[in-house]
Amino acid sequence: MATLFDINLFALSGQLLIGLINGSFYALLALGLAIIFGLLKIINFSHGALYMLGAFSAWIGLEYLQLNYWWALVLVPLGIGVFGILLERTLIRPIAHEDHLYSLLLTFGIALILQGLFTHWFGSSGLPYAIPEELQGGTRLPFMYLPNYRAWIIMFSLVVCAGTWYLIEKTKLGAYLRAGTENPQLMQAFGINVPLIVTLTYGFGAGLAGLAGVLAAPIYSVAPEMGSNILIVVFAIVVIGGMGSIGGAILTGLAMGVVEGLTKYFYPEASNTVIFLVMVLVLLTKPAGLFGKEA
Amino acid sequence: MNNKMLNLLLLGLALVAPLALYPVFLMKALCFALFACAFNLLLGFAGLLSFGHAVFLGTGAYVTGYLMVTYGLTPEVGILAGVGASALLGFIYGTLAVKREGIYFAMVTLALAQLAFFFYLQAPFTGGEDGLQGVPRGKLFGLVDLSDNLNMYYFVLAIFIAGFGLIRRTVHSPFGQVMKAIRENEPRAISLGYKVNQYKLLAFVLSATLAGLAGSTKALVFQLASLNDVHWFMSGEVVLMTLLGGMGTLWGPVLGAGTIIAIQNVLASGPLANYIHVIMGIVFVLCVLAFRNGLVGELQKLIRKNFN
């Protein structure tokens, strides 16, 4: 039993920090998926590819256009958002009235194309992206060393998540969005341009994925596979949390990151799989998901 | 009558095909055709989109491969064990997956398949990134030497015909009718008193079992079981084969699998080799946007139009 309490605080808090960072990305991506699902009723298989696209755009901006990190943080999400809007208008819209399985397959096809193109152009090994000067270095806390960039990721993504939550739950625009989720026909009857809201929603979700990509570029290596790997985990998170609630998606994302971090400390062999195992547990005990409504 | 003639013609063609085409290519096409047919049983007839079906292909391949390498079993016993393992996994995964519907079903199956992927990546017996190499083909019933490609081809053909026959029998059975009823209108099937989840589970297990059969056979053909077999990309590929050929038709997945394998074979040696994933993606997008009935579906439409 003695070994159970023989915890290396330094290592444990390190893993917890990594867990929180992964959790921030899970939360950002799960949030985007949940928003898109709410209005379009589709599961966006391109989400990982858009995240990858965000990271690569930041890298290309720095390498070829001398756009620094801060510019990328503003411009890339906008660019990916516009790209998402184009995707929605040209490809997803025409089959919106079909079975939703088709839009799933369509977005999967788009993801394959994007990932394939970037693998061809940049190879499958990762590219480095330097941490911006302002955020280099770190702070020494009594129990751990906290790199500034990592603290920045956690704070920034929390602010973005909270802001999005506020936008959707507390503002008039958000009320339209939620009403559109409940009953699009009625909304249209009230004179609200639902197709426009749908397009903007997809663009916003895509922009969030792009933003996550920019944030990720300095700490994960920028690689074509980065999107598909994280997306499958985020799917499991979305199943755990249920997509009915924006807050639920954010909380589940963060919590699963922490669970993963703890597993890395206590039983590293299972750290890749622990989130999937949690999903199995949730399916067995509360099939609709922790925050989901009974379907 | 017409149908019977067509079937006989196809059988005749399959029997003489190795004279004209490379047997390993044909065996690969047959394995994937069986895999796609098994997948189609679930998607096309029960309306369930599993996005992790590669896990059953891979499990069949790994179990058969491991047993044949380690214990030198005869191929029929090795395949039987691989198929059994896939069926068991299909039962476990199916029990979990049928708890959710629609796109959640797709996400659950994908996540469960990824769970197995990491297991196979880390487990000591799979050879990790290198895969299980040098799987012996052995002697069928201790008599027929399968290391001869032509013998192996006829063995694979027999397996395919058995699997395809089972699927056809299932689709036309009362059970198949209930599956289709669930696909068309689940609430109505429930209100008619059918235990929908049990039917879905049975369809899932059957599909997983046959996918495992395809995987076990594939492991013998290529004498290899690797992580490619359990990767999500493989799961996507089988969806594409079924979609391209025509889901919900018996022959669609066969045609779709053949087409995809042929395309990959042609591309692999050409200047577009690096673009295989991109091209698969484009085919996916085109199929969904313009070509939802698939090759066989469009063909049927054409025939119907011209005979009316």
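Not measured: the values here are computed from a predicted model.

A. Just the overall build of chain A, in detail. Helices and strands together make up the secondary structure of chain A, namely 12 helices and two strands. Overall, chain A shows an N-to-C arrangement of helices and strands of α-α-α-α-α-β-β-α-α-α-α-α-α-α. Dimensions of chain A along its principal axes, counting C-alpha atoms only, are 65 × 50 × 35 Å. Pairs at least 24 apart in sequence give 77% of the contacts found in chain A among residues at least 6 apart.

B. Looking closely at the overall build of chain B. Across its full length, chain B holds 13 helices and four strands. Relative to the compact-globule value of 19 Å for 308 residues, chain B shows a C-alpha radius of gyration of 19 Å, a close match. Dimensions of chain B, computed from C-alpha atoms along their principal axes, come out at roughly 50 × 45 × 40 Å. If you take every contact in chain B between residues at least 6 apart in sequence, the share linking residues at least 24 apart comes to 77%.

C. Just the UniProt feature "transmembrane region" (unreviewed entry) in chain B, in detail. All names here are of chain B. Taking the UniProt record as the reference, the feature "transmembrane region" (unreviewed entry) is found at residues 6-25, 32-57, 77-96, 103-121, 152-171, 201-226, 238-263 and 275-295. Secondary structure content for residues 32-57 is 73% helix and 0% strand, while the C-alpha to C-alpha distance between its ends is 10 Å. Taken end to end, residues 238-263 is 77% helix and 0% strand, and its two terminal C-alpha atoms sit 14 Å from one another.

D. Fine view of the interface of chain B and chain A. Opposite the 34 residues of chain B that make contact, chain A presents 35 residues. Secondary structure elements with two or more residues in the side of chain B that touches chain A: α5 (102-122), α10 (232-245) and α12 (276-290) of chain B. It is α5 of chain B that contributes the most residues to the side of chain B that touches chain A, 13 residues altogether. Taken together, the residues of the side of chain B that touches chain A break down into 23 nonpolar, seven polar and four charged.

E. How the structure looks around the packing of helix α3 (residues 47-64) of chain A against helix α9 (residues 194-216) of chain A. Residue and element names in this part refer to chain A. Where α3 contacts α9, the axes come no closer than 7 Å and their chain directions differ by 50°. Between α3 and α9, the angle is such that the two are oblique. When the axes of α3 and α9 are compared, the crossing they make is right-handed. Residues H47, L50, Y51, M52, L53, G54, A55 and A58 of α3 touch α9, and the partners they reach there are A206, A209, G210, L211, A212, G213, V214 and A216.

F. Fine view of the environment of L110 of chain B. Among the structural elements, L110 of chain B can be located in helix α5. Taking C-alpha positions, L110 of chain B is 15 Å from L227 of chain B, a pair spaced 117 residues apart along the chain. If we ignore the near neighbours within four places in the chain, the residues touching L110 of chain B are I232 and F235 of chain A together with F51, G52, W232 and S235 of chain B.

G. Region of interest: the environment of G207 of chain A. Take G207 of chain A: it is sitting in helix α9. Ignoring sequence-local partners within four residues, the contact set of G207 of chain A consists of P77, L78, I80, G81 and G84 of chain A.

H. Spotlight on helix α9 (residues 196-222) of chain B. Its 27 residues give α9 of chain B an end-to-end C-alpha distance of 39 Å, which sits within 8% of 39 Å, the value for a rise of 1.5 Å per residue. At the C-terminal side of α9 of chain B, Q223 of chain B shows a positive phi close to 55°.

I. The arrangement of the nonpolar core in detail. Formed by 196 residues in total, the largest nonpolar core has its most connected members in L34 and A111 of chain B. If you tally residues by element for this core, the top one is helix α2 (residues 23-46) of chain B, at 18 residues. Beyond its immediate stretch of four places on either side in the chain, A111 of chain B contacts I232, F235, A236, V239, F276 and M279 of chain A.

J. Seen up close, unusual backbone geometry. Its identity as a non-glycine residue notwithstanding, Q66 of chain A has a phi of 55°, on the positive side. With respect to the helices and strands, the residue Q66 of chain A is situated in the loop between α3 and α4 (69-92). The exposure class assigned to Q66 of chain A is exposed, which follows from the 8 C-beta atoms found within 10 Å. Located in the positive-phi region is Q223 of chain B, a residue other than glycine, with phi close to 55°.

K. Structural context of the environment of A111 of chain B. Residues and elements named next belong to chain B. Position of A111 relative to the elements: it lies in helix α5. By C-beta crowding, A111 is classed as buried, having 27 other C-beta atoms within 10 Å. Between the C-alpha atoms of A111 and F39, which are 72 residues apart in sequence, the distance is 17 Å.

L. Just the packing of helix α4 (residues 75-97) of chain B against α9 of chain B, in detail. Residues and elements named next belong to chain B. Their axes nearest at 7 Å, the elements α4 and α9 cross at an angle of 145°. Here α4 and α9 pass one another in a crossing that is right-handed. Residues of the contact of α4 with α9, tallied by class, amount to 15 nonpolar, 11 polar and no charged.

M. Structural view of the confidence of the model for chain B. Predicted confidence across chain B gives a mean pLDDT of 88, with 99% of residues reaching 70 or more. Confidence metrics for the complex model read pTM 0.88 and ipTM 0.84.

Rules of the game
- Numbering of residues begins from 1 in every chain and follows the order in which that chain's sequence is written.
- Ligands are numbered from 1 and chains lettered from A, in the order in which they are written.
- With the structure being a predicted model, the display of local features is reserved for residues of pLDDT at least 70 and the display and counting of side-chain atom pairs for 80 or more, all residues being used for whole-chain, interface and lining totals.
- Strands here mean DSSP runs of E at least two residues long; helices mean DSSP runs of H or I at least four residues long; both are numbered from the N terminus.
- Contact between residues is assigned whenever the C-beta positions, reconstructed from backbone atoms, fall within 7 Å.
- Note on method: radius of gyration uses C-alpha positions; expected globular size equals 2.2 Å times residues raised to 0.38.
- UniProt positions are given in the numbering used here, feature names are shortened, and annotations may be inferred rather than shown by experiment.
- Only Asp, Glu, Lys and Arg are considered charged in this grouping, and only Ala, Val, Leu, Ile, Met, Phe, Trp, Tyr, Cys and Pro are considered nonpolar; every other residue, Gly among them, is considered polar.
- For helices, the axis comes from a line fit to the C-alpha atoms of the stretch in contact; other axes are also lines fit to C-alpha atoms, and the angle between any two N-to-C directions lies between 0 and 180 degrees.
- Convention used here: angles under 35 degrees read as roughly parallel, angles over 145 as roughly antiparallel, angles from 65 to 115 as roughly perpendicular, and any remaining angle as oblique.
- By definition, turning the near helix anticlockwise from the far helix through less than a right angle yields a left-handed crossing, and turning it clockwise yields a right-handed one.
- The length a helix should cover is 1.5 Å for every residue beyond the first.
- Here a nonpolar core is just a set of buried residues of the types Ala, Val, Leu, Ile, Met, Phe, Trp, Tyr and Cys, joined wherever their C-beta atoms sit within 7 Å.
- Three classes are used. A residue is buried when 20 or more other C-beta atoms lie within 10 Å of its own, exposed when 12 or fewer do, and partly exposed in between, with C-beta atoms placed from the backbone.
- Within a predicted model, pLDDT stands for the predictor's per-residue confidence, ranging from 0 to 100.

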